[in-house]
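Descriptive analysis of the structure
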Amino acid sequence: MAVSSGILPARKDALNRLETALRKFPPLLERTFISCGDEEKVLEGNFSEFRVMQWNILADALSSSSPTENFIKCPARALEWSNRKLRSLQEILTYDPDVIALEEIDHFEDYFLPSLRELGYEGLFAPKRDSPCLKFPNNSGPDGCALFYDLDRFSVVNHTDIALKDSDGNLTSQVALVVNLFDKVQGRTLCCGVTHFKAKEEYRNLRFSQGNEVLKCIFESLGDDKTVLICGDFNAEPSEPVCQLMEENHCVCMKNSYVSATGENPEFTTWKFRPGDREVKHTIDYIWHSPNLNVTGCVKVPESDIVPENLLPCLEYPSDHLSLVFDFRWG
């Protein structure tokens, strides 16, 4: 299943309209799709793949309300919501995923849900209880985590919203969404978590606690298939304890999907300038998968030399985080 392979006519038409509306913008960042599974088994039709996208899309309130604080070198036009909303939907439809996990989404009700419903998706949203977006005037509500799924492929069995706590049991503003999706093609259930952990170096221990809480909820939600995906902005480099926890926990030992696909972590998943010309380049976004899912395809992170000198977001890309896109098949 290559990029945009087999896209539904309605989605293809929508993508064409977006490309027309954005004709004065440069193309989206060039990215390479690689196949990395057992192609013979896929071609024989013994397994049916599904595609998952993970993406911190950058909340509108955090980009347009304080650009001089957050994105000091980004062109103003690239931060305008009227443009970013089109580019964001263009990025999603370019890869035509079956499951879409989004963080920092603050236009769920008024844009993403109606836009994606028209194209055959349904969605769920877990808002942050103390979203930073709410402090800005003319905000569109709290940001949070969302999961969309293709109605032809999946249906919801049940779902749980989690307000994450610290190690002392106090509520934080971070959230997670855990959804059991029934795969209509395979007749099996996939437990999918979407989360966004606390940022900054000093919160390593909190991120570890939040990872434990997400895993606990997933373990309690697991069906007989014991098949799991955890998608999110972990705000943690691969060497941080919370990432080791994903791989070495007592619930379901997970695998890093990018490493499964390529043998190594990406060079970066976010790359931007902060005040004082401080360059921030990190790998902090992940899709973790249980061992009974096999990665058969991956959209690679773009080469550093094609990222514009003003970094992300930019006219070529609407977020400061890159999307992660993987094809999976049931093992």
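Whatever comes next refers back to the structure up there.
Owing to the predicted nature of the structure, the values given are computational and were not obtained by experimental measurement.

1. Notes on the side chain of Gln54
Relative to the elements of secondary structure, Gln54 occurs in strand E2 (residues 50-56). Judged by relative accessible area, Gln54 falls into the buried class, the value being 1%. A distance of 2.6 Å separates polar atoms of two side chains, one belonging to Gln54 and the other to Glu103. If sequence neighbours within four positions are ignored, Gln54 has contacts with Ala101, Glu103, Cys231, Gly232, Asp233, Asp285, Tyr286, Ile287, Leu322, Ser323 and Leu324.

2. Details of the environment of Ala261
With respect to the element layout, Ala261 can be found in helix H10 (residues 257-262). Judged by its relative accessible area of 13%, Ala261 is buried. A sequence separation of 226 residues divides Ala261 from Ser35, and the C-alpha atoms of the two residues are 8.3 Å apart.

3. Looking at the pattern of salt bridges
Taken as a whole, this structure holds 15 salt bridges when the rule is applied. A salt bridge links Arg11 to Asp96; the shortest N-O distance between them is 2.9 Å. Residue Arg11 is located in helix H1 (residues 9-21), and its partner Asp96 is located in the loop between helix H6 (81-95) and strand E3 (99-105); the two are separated by 85 residues in the primary sequence. Judged by its relative accessible area of 2%, Arg11 is buried. Here the salt bridges share partners, and the residues they tie into one network are Glu201, Arg204, Arg207 and Glu240.

4. Regarding helix H8 (residues 204-221)
Its 18 residues place the ends of H8 26 Å apart at the C-alpha level, agreeing with the 26 Å of an ideal helix rising 1.5 Å per residue. When we look at burial in H8, the residues that qualify are Leu206, Arg207, Ser209, Gln210, Gly211, Val214, Leu215, Cys217, Ile218 and Ser221. For H8, the secondary structure elements touched by its buried residues are strand E6 (154-165), strand E7 (171-183), strand E8 (188-196), strand E9 (228-233) and helix H9 (241-248).

5. Some remarks on the packing of H8 against H9
Helices that pack against each other are described as a pair by the angle of their axes relative to one another and the distance between those axes. Orientation of H8 relative to H9, taken along the N-to-C sense of each, is 25°, at an axis distance of 8 Å. The angle between H8 and H9 places the two elements in the roughly parallel class. Handedness of the crossing formed by H8 with H9: right-handed. On H9, the residues touching Arg204, Arg207, Phe208, Gly211, Asn212 and Leu215 of H8 are Pro241, Val242, Leu245 and Met246.

So, how was this worked out
Residues numbered from 1 in each chain as written. Predicted model: local features only at pLDDT ≥ 70, side-chain atom pairs only at ≥ 80, totals over all residues. Heavy atoms only, no water. Helix = DSSP H or I, 4+ residues; strand = E, 2+ residues; numbered from the N terminus. Buried < 20%, exposed > 50% of the residue type's maximum accessible area, 1.4 Å probe, protein only. Polar contact = N/O pair within 3.5 Å; in protein donor to acceptor, adjacent residues only side chain to side chain. Contact = heavy atoms within 4.5 Å. Salt bridge = Lys/Arg side-chain N within 4 Å of Asp/Glu carboxyl O. Expected span 1.5 Å × (residues − 1). Axes fitted to C-alpha atoms, helices over the stretch in contact; angles between N-to-C directions. Parallel < 35°, antiparallel > 145°, perpendicular 65-115°, else oblique. Left-handed = near helix turned anticlockwise from the far one by under 90°.

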